[in-house]
Amino acid sequence: MSTSITITRPDDWHLHLRDGAMLQAVLPETARHFGRAIIMPNLVPPVVTSADAAAYRDRIMAALPEGMTFEPLMTLYLTEDTDPADVEAAFTSGLCSAVKLYPAGATTNSASGVTNFDKVRPVLEKMAEIGMPLCVHGEVTDNDIDIFDREAVFIDRVLDPIRRATPGLRVVMEHITTKDGVDYVKSNDTDLGATITTHHLIINRNHILVGGIKPHYYCLPVAKREEHRLALRAAATSGDNRFFLGTDSAPHVDAAKETGCGCAGCFTATNTMALLAHVFEEEGALDKLEGFASLNGPAFYRKPVNTGTITLTKGAPAEWPAKIHSEDGPVTVFDPGFPVHWHVTA
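How do you make sense of the packing of aromatic side chains when you look at a structure like this?
Aromatic ring pairs: the centre-centre distance and the angle between the two ring planes describe each pair. With the rule as written, the count across this model stands at seven aromatic pairs. Their ring planes at 75° and their centres at 6.4 Å tell us that F244 and Y301 sit as a pair that is edge-to-face. Within this pair, whereas F244 is found in strand 9 (residues 243-245), its partner Y301 is found in helix 11 (residues 289-301), the two being separated by 57 residues in sequence. One exposure class covers both F244 and Y301, and it is buried. An aromatic cluster of three or more residues is present, and its members are W13, F244, F300 and Y301. For the cation-ring pair, R170 lies above F300, with the distance from its terminal atom to the ring centre recorded as 4.4 Å. Seen from the ring of F148, R205 lies directly overhead, with NZ or CZ sitting 4.5 Å from the centre.

Structural data, given as structure tokens:
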């Protein structure tokens with residue numbers, strides 16, 4: 001097995017950067033390895049208009065350290081009051097690359113999300129017309145649905161009906177966590193892709209709960225049974241271009257994670273590429289890493305691939321900081337729980 005691989009500079013098709021001091025702290029962790037990232041709009045208040053997106057993009061670029069190159073791909077937060085004309089203008093101008101659908105209450109800062117999907121139909125129809133992708137947090141929020149079943153139920157009750165009612169709508173199922181999600185993507189040939197996170201390739205629900213609750217493994221959608229993790233690994237390493245990397249790297253200060261009602265999110269921006277090389281090597285698929293991390297996402301979003309490269313080398317156990325320090329407080333970097341021997345060396 002090769003001890004060094006060089007791939008096209010990767011992109012992250014699902015990233016949380018937050019704002020203010022947290023943005024300043026975590027942005028370099030992504031920009032160090034990734035050329036672009038789809039930026040999540042669930043700030044407080046959320047990024048709901050093109051003016052909001054332009055202002056947020058300016059804050060991101062102002063926070064980028066000198067000498068680093070990085071392109072934030074902005075998104076709009078879909079609400080029941082979203083203006084189709086504003087969405088079209090944001091997309092055709094190149095300001096925004098996608099619209100994000102959060103079912104109300106599904107995850108962090110999603111209270112402004114959609115409850116009545118009929119009210120957003122004009123926006124979805126406009127997006128289908130212009131070819132603008134819809135990024136979907138695929139979980140129902142009904143109290144009677146078990147948290148481990150929310151993704152599968154969402155596919156049946158919400159996603160499939162939306163896609164049938166809106167021909168041509170291009171959809172990204174973000175951070176899929178189940179075999180159901182994998183199978184649904186594979187059963188559709190056009191206009192559907194899915195991102196898979198780093199941490200969902202590594203942990204299952206036992207890692208969160210066995211031997212004591214591990215708050216830094218808690219995320220939404222929550223990690224599922226081992227059979228689902230194995231299905232995700234098979235999809236990510238298969239070479240199927242409908243699956244691509246979206247880390248869902250989500251920084252929270254330790255005080256917000258290690259508490260009686262901890263926030264959902266794993267912070268993986270720092271070590272994602274080393275972890276992915278480990279996973280793909282385990283699966284005998286290092287030759288498929290470039291497609292998953294660098295090629296499949298641009299193909300779906302109809303963007304050129306990056307011109308630069310990164311090199312990963314296998315050697316002594318990798319080391320990375322246990323925490324990223326911000327003015328808001330420390331953020332714990334995802335710990336896979338095993339030695340990793342891959343390093344980004346160039």
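Is there a simple way to think about the pairing of strand 12 (residues 329-332) in this case?
Side-chain positions along a regular strand alternate between the two faces of the sheet. Looking at chain direction, strand 11 (residues 323-326) and strand 12 are connected through four bridges and run antiparallel. Note on strand 12: the bridge partner recorded for H325 is P330. Remark: two residues form the turn of the hairpin made by strand 11 and strand 12, two consecutive strands paired antiparallel.

Quick question: what am I supposed to make of helix 4 (residues 121-130) here?
In an α-helix there are 3.6 residues to a turn, and that puts residues three or four apart on one side. For helix 4, the set of buried residues is V123, L124, K126, M127 and A128. Elements in contact with the buried residues of helix 4: helix 3 (84-92), strand 5 (96-101), strand 6 (134-137) and helix 5 (150-165). Phi turns positive one or two residues past the end of helix 4, at G131, with a value near 80°.

Reading the values: the criteria
- Residue numbering note: each chain is counted from 1, following its sequence as written.
- Given that the model is predicted, a residue must reach a pLDDT of at least 70 before its local features are reported, and side-chain atom pairs must reach 80 or more before they are shown or counted; all residues, however, enter totals for whole chains, interfaces and linings.
- With hydrogens and water excluded, all non-hydrogen atoms of the structure serve as input to the side-chain values.
- Note on ring pairs: Phe, Tyr and Trp rings are taken, using the six-membered ring of Trp, and paired if centres are within 6.5 Å. Classes follow the plane angle, with under 30 degrees stacked, over 60 edge-to-face and the rest tilted.
- Put simply, DSSP H or I for four residues or longer makes a helix, DSSP E for two residues or longer makes a strand, and each gets a number counted from the N terminus.
- Only protein chains enter the accessibility calculation, which uses a 1.4 Å probe; a residue whose area is less than 20% of its type maximum is buried, one above 50% is exposed, and one in between is partly exposed.
- Here, over-ring charges are defined by two tests on the NZ atom of lysine or the CZ atom of arginine: distance to the ring centre within 6 Å, and angle to the ring normal within 35 degrees.
- For two strands to pair, DSSP has to find at least two bridges joining them.
- Only heavy atoms matter for contacts: two residues are in contact if any of them lie within 4.5 Å across the pair.

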